[in-house]
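Structural characterization, general
The primary structure of each chain is shown beneath.
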Amino acid sequence: MHLDATTLPARDAYAWLTGLVVPRPIAWITTRDDDGHVNLAPFSYFNALASDPPMVTVAFATRRDGSDKDTLRLLRKTGRCCVNLVEEPDLDRMNATSAELPAHESEAARYGIDVVACDGFDGVRVASARAALCCVLVDVHRYGRKQGVGLAVLEVTRLFVDDALLDPAGRLVPERLRPVARLGGNAYALPGPHTSRDRP
Ligand SMILES: Cc1cc2nc3c(=O)[nH]c(=O)nc-3n(C[C@H](O)[C@H](O)[C@H](O)COP(=O)(O)O)c2cc1C
(Lines give C-alpha, C1' and ligand atoms only; values in the text may rest on other atoms or scores of the structure.)
Protein backbone atom coordinates (compact mmCIF):
# COMPACT_ATOMS: atom_id res chain seq x y z
CA MET A 1 0.00 0.00 0.00
CA HIS A 2 1.12 3.56 -0.72
CA LEU A 3 -0.49 6.59 0.88
CA ASP A 4 -0.27 10.30 0.11
CA ALA A 5 0.70 11.47 3.58
CA THR A 6 0.21 15.14 2.62
CA THR A 7 -3.56 14.74 2.30
CA LEU A 8 -4.23 12.37 5.20
CA PRO A 9 -6.70 13.63 7.81
CA ALA A 10 -4.77 14.57 10.96
CA ARG A 11 -6.27 11.67 12.94
CA ASP A 12 -5.08 9.12 10.35
CA ALA A 13 -1.66 10.74 10.06
CA TYR A 14 -1.37 10.51 13.85
CA ALA A 15 -2.27 6.80 13.80
CA TRP A 16 0.25 5.99 11.05
CA LEU A 17 3.06 8.04 12.51
CA THR A 18 2.67 6.87 16.09
CA GLY A 19 2.18 3.28 14.92
CA LEU A 20 5.29 3.24 12.73
CA VAL A 21 7.80 5.41 14.57
CA VAL A 22 8.23 2.99 17.44
CA PRO A 23 9.20 2.27 20.12
CA ARG A 24 9.21 5.79 21.57
CA PRO A 25 10.68 6.61 24.96
CA ILE A 26 8.35 8.17 27.49
CA ALA A 27 9.05 11.40 29.36
CA TRP A 28 6.96 11.33 32.54
CA ILE A 29 7.15 14.99 33.38
CA THR A 30 6.80 16.65 36.78
CA THR A 31 6.31 20.42 36.86
CA ARG A 32 5.76 22.42 40.02
CA ASP A 33 3.99 25.75 40.26
CA ASP A 34 5.24 28.54 42.56
CA ASP A 35 2.53 27.61 45.10
CA GLY A 36 3.84 24.01 45.33
CA HIS A 37 1.15 22.46 43.07
CA VAL A 38 2.65 19.44 41.27
CA ASN A 39 1.58 18.42 37.75
CA LEU A 40 2.52 15.04 36.29
CA ALA A 41 1.89 13.68 32.77
CA PRO A 42 3.51 11.37 30.16
CA PHE A 43 4.78 12.43 26.71
CA SER A 44 6.22 10.17 24.03
CA TYR A 45 7.02 12.74 21.34
CA PHE A 46 10.24 12.77 23.32
CA ASN A 47 13.88 12.19 22.48
CA ALA A 48 17.48 13.14 23.15
CA LEU A 49 18.69 16.05 21.01
CA ALA A 50 22.34 16.74 21.82
CA SER A 51 25.00 16.19 24.43
CA ASP A 52 26.98 19.48 24.62
CA PRO A 53 25.08 20.71 26.47
CA PRO A 54 22.82 17.74 27.09
CA MET A 55 19.40 18.54 25.63
CA VAL A 56 16.13 16.71 25.01
CA THR A 57 12.97 17.65 23.10
CA VAL A 58 9.31 17.10 23.95
CA ALA A 59 6.42 18.00 21.63
CA PHE A 60 3.17 19.09 23.24
CA ALA A 61 -0.01 18.95 21.17
CA THR A 62 -2.12 22.08 21.54
CA ARG A 63 -5.58 21.44 23.00
CA ARG A 64 -8.67 21.77 20.78
CA ASP A 65 -9.51 25.12 22.40
CA GLY A 66 -6.06 26.41 21.45
CA SER A 67 -4.67 26.34 25.00
CA ASP A 68 -1.42 24.70 26.09
CA LYS A 69 -1.45 21.48 28.12
CA ASP A 70 -0.73 22.09 31.81
CA THR A 71 2.82 20.72 31.55
CA LEU A 72 3.80 23.18 28.81
CA ARG A 73 1.97 26.04 30.55
CA LEU A 74 3.88 25.40 33.80
CA LEU A 75 7.12 24.83 31.93
CA ARG A 76 6.77 28.23 30.28
CA LYS A 77 5.86 29.81 33.62
CA THR A 78 8.58 28.31 35.81
CA GLY A 79 11.23 27.45 33.18
CA ARG A 80 11.84 24.05 34.79
CA CYS A 81 10.67 20.45 34.78
CA CYS A 82 11.83 16.98 35.64
CA VAL A 83 11.70 14.16 33.06
CA ASN A 84 11.19 10.90 34.94
CA LEU A 85 11.96 7.66 33.10
CA VAL A 86 9.30 4.96 33.30
CA GLU A 87 9.97 1.30 34.10
CA GLU A 88 7.46 -1.53 34.29
CA PRO A 89 6.41 -1.07 37.95
CA ASP A 90 5.23 2.47 37.09
CA LEU A 91 3.46 1.59 33.82
CA ASP A 92 -0.12 1.71 35.14
CA ARG A 93 0.46 4.81 37.23
CA MET A 94 2.16 6.59 34.34
CA ASN A 95 -0.75 5.67 32.06
CA ALA A 96 -3.26 6.94 34.65
CA THR A 97 -1.58 10.35 34.78
CA SER A 98 -2.44 10.98 31.12
CA ALA A 99 -6.00 11.77 32.31
CA GLU A 100 -6.99 15.37 31.63
CA LEU A 101 -7.64 16.61 35.15
CA PRO A 102 -8.61 20.22 35.93
CA ALA A 103 -5.53 22.47 36.09
CA HIS A 104 -5.78 22.87 39.88
CA GLU A 105 -5.86 19.10 40.50
CA SER A 106 -2.53 17.25 40.82
CA GLU A 107 -2.23 13.90 39.02
CA ALA A 108 0.44 12.94 41.56
CA ALA A 109 -1.97 13.50 44.47
CA ARG A 110 -4.96 11.94 42.67
CA TYR A 111 -3.10 8.69 41.89
CA GLY A 112 -1.06 8.54 45.12
CA ILE A 113 2.29 9.01 43.40
CA ASP A 114 4.99 10.24 45.77
CA VAL A 115 7.34 12.94 44.59
CA VAL A 116 10.61 13.97 46.22
CA ALA A 117 12.75 17.07 45.94
CA CYS A 118 15.50 16.93 43.32
CA ASP A 119 18.96 17.23 44.76
CA GLY A 120 20.51 20.54 43.64
CA PHE A 121 17.55 21.49 41.45
CA ASP A 122 14.44 23.51 42.23
CA GLY A 123 11.90 20.85 41.28
CA VAL A 124 10.45 17.46 42.17
CA ARG A 125 10.82 14.00 40.68
CA VAL A 126 8.75 10.83 40.97
CA ALA A 127 10.10 8.93 43.99
CA SER A 128 9.77 5.49 42.37
CA ALA A 129 11.52 6.46 39.10
CA ARG A 130 15.07 5.13 39.08
CA ALA A 131 16.30 7.81 36.68
CA ALA A 132 15.30 11.40 36.07
CA LEU A 133 16.56 14.35 34.05
CA CYS A 134 16.19 17.76 35.68
CA CYS A 135 15.75 20.30 32.92
CA VAL A 136 15.52 24.01 32.24
CA LEU A 137 13.54 25.31 29.29
CA VAL A 138 15.65 26.61 26.39
CA ASP A 139 12.76 27.61 24.13
CA VAL A 140 9.52 26.48 22.52
CA HIS A 141 9.03 26.33 18.74
CA ARG A 142 5.58 26.12 17.16
CA TYR A 143 5.04 23.75 14.24
CA GLY A 144 2.11 22.31 12.32
CA ARG A 145 -1.28 23.34 11.00
CA LYS A 146 -4.47 24.20 12.90
CA GLN A 147 -3.82 23.32 16.54
CA GLY A 148 -0.18 22.37 15.94
CA VAL A 149 2.45 21.44 18.49
CA GLY A 150 4.79 23.28 20.81
CA LEU A 151 8.22 21.66 20.57
CA ALA A 152 10.09 22.34 23.78
CA VAL A 153 13.89 22.19 23.82
CA LEU A 154 15.10 21.37 27.33
CA GLU A 155 18.61 21.50 28.69
CA VAL A 156 19.40 18.78 31.22
CA THR A 157 21.21 20.43 34.11
CA ARG A 158 21.08 17.65 36.69
CA LEU A 159 20.74 13.86 36.53
CA PHE A 160 19.38 11.44 39.07
CA VAL A 161 20.34 7.78 38.58
CA ASP A 162 19.65 5.07 41.14
CA ASP A 163 22.89 3.38 42.28
CA ALA A 164 21.34 0.00 41.41
CA LEU A 165 21.69 0.93 37.71
CA LEU A 166 25.44 1.57 38.00
CA ASP A 167 28.60 -0.52 37.92
CA PRO A 168 31.28 -0.07 40.63
CA ALA A 169 32.92 2.68 38.51
CA GLY A 170 29.66 4.65 38.47
CA ARG A 171 28.79 3.92 34.83
CA LEU A 172 25.29 3.02 33.69
CA VAL A 173 24.78 -0.70 33.03
CA PRO A 174 22.38 -0.61 30.04
CA GLU A 175 20.74 -3.97 30.81
CA ARG A 176 19.68 -2.80 34.25
CA LEU A 177 17.39 0.00 33.07
CA ARG A 178 14.08 -1.54 32.00
CA PRO A 179 12.26 1.35 30.30
CA VAL A 180 8.68 1.14 29.09
CA ALA A 181 8.29 2.46 25.54
CA ARG A 182 5.23 3.50 23.61
CA LEU A 183 3.97 1.68 20.51
CA GLY A 184 0.94 2.55 18.35
CA GLY A 185 -2.53 2.92 19.88
CA ASN A 186 -2.60 1.92 23.52
CA ALA A 187 0.28 -0.55 23.21
CA TYR A 188 3.49 -0.41 25.20
CA ALA A 189 6.75 -2.30 24.75
CA LEU A 190 8.91 -3.77 27.47
CA PRO A 191 12.60 -4.40 26.85
CA GLY A 192 13.53 -7.78 25.41
CA PRO A 193 16.99 -9.36 25.56
CA HIS A 194 19.85 -6.94 24.87
CA THR A 195 22.24 -7.40 21.97
CA SER A 196 25.25 -5.34 20.93
CA ARG A 197 27.59 -4.88 17.94
CA ASP A 198 31.06 -3.41 17.62
CA ARG A 199 31.12 -0.23 15.53
CA PRO A 200 32.94 -0.48 12.17
C1 LIG B 1 2.21 7.13 26.89
C2 LIG B 1 1.61 8.45 26.54
C3 LIG B 1 2.32 9.33 25.75
C4 LIG B 1 1.79 10.60 25.45
N5 LIG B 1 2.53 11.42 24.66
C6 LIG B 1 2.08 12.67 24.41
C7 LIG B 1 2.88 13.58 23.65
O8 LIG B 1 4.00 13.28 23.22
N9 LIG B 1 2.39 14.83 23.43
C10 LIG B 1 1.18 15.22 23.92
O11 LIG B 1 0.78 16.37 23.71
N12 LIG B 1 0.40 14.38 24.65
C13 LIG B 1 0.83 13.13 24.92
N14 LIG B 1 0.07 12.28 25.68
C15 LIG B 1 -1.17 12.78 26.27
C16 LIG B 1 -0.92 13.58 27.56
O17 LIG B 1 -0.30 12.76 28.54
C18 LIG B 1 -2.26 14.09 28.12
O19 LIG B 1 -2.81 15.03 27.20
C20 LIG B 1 -2.15 14.72 29.49
O21 LIG B 1 -3.45 14.92 30.01
C22 LIG B 1 -1.44 16.05 29.51
O23 LIG B 1 -1.42 16.49 30.84
P24 LIG B 1 -1.19 17.98 31.31
O25 LIG B 1 -2.32 18.82 30.75
O26 LIG B 1 -1.21 17.86 32.79
O27 LIG B 1 0.14 18.42 30.77
C28 LIG B 1 0.53 10.99 25.95
C29 LIG B 1 -0.20 10.08 26.74
C30 LIG B 1 0.33 8.82 27.02
C31 LIG B 1 -0.47 7.86 27.86
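Just so it is clear, the structure is predicted and the values come from calculations on it, not from any experiment. For every chain, the first residue of its written sequence is number 1, and the numbers climb from 1 along that sequence. Local features are withheld for residues below a pLDDT of 70 in this predicted model, meaning they are given only at 70 or higher, and side-chain atom pairs are given and counted only at 80 or more; totals for whole chains, interfaces and linings count all residues.

1. Structural notes on the site of the ligand
Each residue gets a C-beta atom placed from its backbone. If that atom is within 6 Å of a molecule or strand, the residue is near it. What surrounds the ligand is a group of 17 residues, the closest being Ala41, Tyr45, Asp70, Thr71 and Ser98. Runs of E in the DSSP output that reach at least two residues are strands. Runs of H or I that reach at least four are helices, and both are numbered from the N terminus. Elements with a minimum of two residues in the shell around the ligand: strand E3 (38-43), strand E5 (54-61) and helix H2 (70-78). Among the elements that line the shell around the ligand, the one with the most residues is E3, at four residues. Charged residues are taken to be Asp, Glu, Lys and Arg, nonpolar residues to be Ala, Val, Leu, Ile, Met, Phe, Trp, Tyr, Cys and Pro, and polar residues to be all remaining types, Gly included. Among the residues making up the shell around the ligand, the classes are represented as eight nonpolar, five polar and four charged.

2. Description of the environment of Leu172
Inspection of the secondary structure puts Leu172 in the loop between strand E10 (149-161) and strand E11 (181-182). The spatial distance from the C-alpha of Leu172 to the C-alpha of Val161 is 8.4 Å, given a sequence separation of 11 residues. It is the C-beta atoms, placed from the backbone, that decide contacts: two residues are in contact if theirs lie within 7 Å. If we ignore the near neighbours within four places in the chain, the residues touching Leu172 are Val161, Leu165 and Leu166.

3. Observations regarding the nonpolar core
A set of buried Ala, Val, Leu, Ile, Met, Phe, Trp, Tyr and Cys residues, joined through C-beta atoms within 7 Å, is what we mean by a nonpolar core. Exposure is read from a count of other C-beta atoms within 10 Å of each residue's own; the residue is exposed at 12 or fewer, buried at 20 or more and partly exposed in between. C-beta atoms are placed from the backbone. Formed by 33 residues in total, the largest nonpolar core has its most connected members in Ala27, Trp28, Ile29, Cys82 and Val83. Secondary-structure elements contributing two or more residues to this core are strand E2 (27-32), E3, E5, H2, strand E6 (80-85), strand E8 (124-126), strand E9 (131-143) and E10. With sequence-adjacent residues up to four places away left out, Ala27 is seen in contact with Phe43, Phe46, Val58 and Val83.

4. Looking at the sheet that holds strand E1 (residues 24-25)
Taken together, three strands build an open sheet; the order of strands is E1-E11-E12 and the sheet is antiparallel. The open sheet has two edge strands, E1 and strand E12 (188-189), and neither has a second partner. Sheet topology places E11 next to E12; two bridges connect them, and they run antiparallel. Across the sheet, residue Arg182 finds its bridge partner in E12, namely Tyr188. A pair of strands counts as paired when DSSP detects no fewer than two bridges linking them.

5. What about the sheet that holds strand E4 (residues 46-51)?
Pairing within the open sheet is antiparallel, and its seven strands lie in the order E3-E2-E6-E9-E10-E5-E4. Looking along the sheet, the strands with just one partner apiece sit at the ends: E3 and E4. Going from strand to strand, the sheet's axes swing by 35° on average, the running direction of each strand aside. In this structure, E5 lies alongside E10, joined through seven bridges in antiparallel fashion. Bridge assignment links Val58 to a residue of E10, and that residue is Ala152. In the packing of H2 onto the sheet, the strands contacted are E2, E3, E5, E6, E9 and E10, and the crossing angle to E2 comes to about 50°. For helices, the fitted axis covers only the stretch in contact; all axes are lines through C-alpha atoms, and the angles between them, taken along N-to-C directions, range from 0 to 180 degrees.

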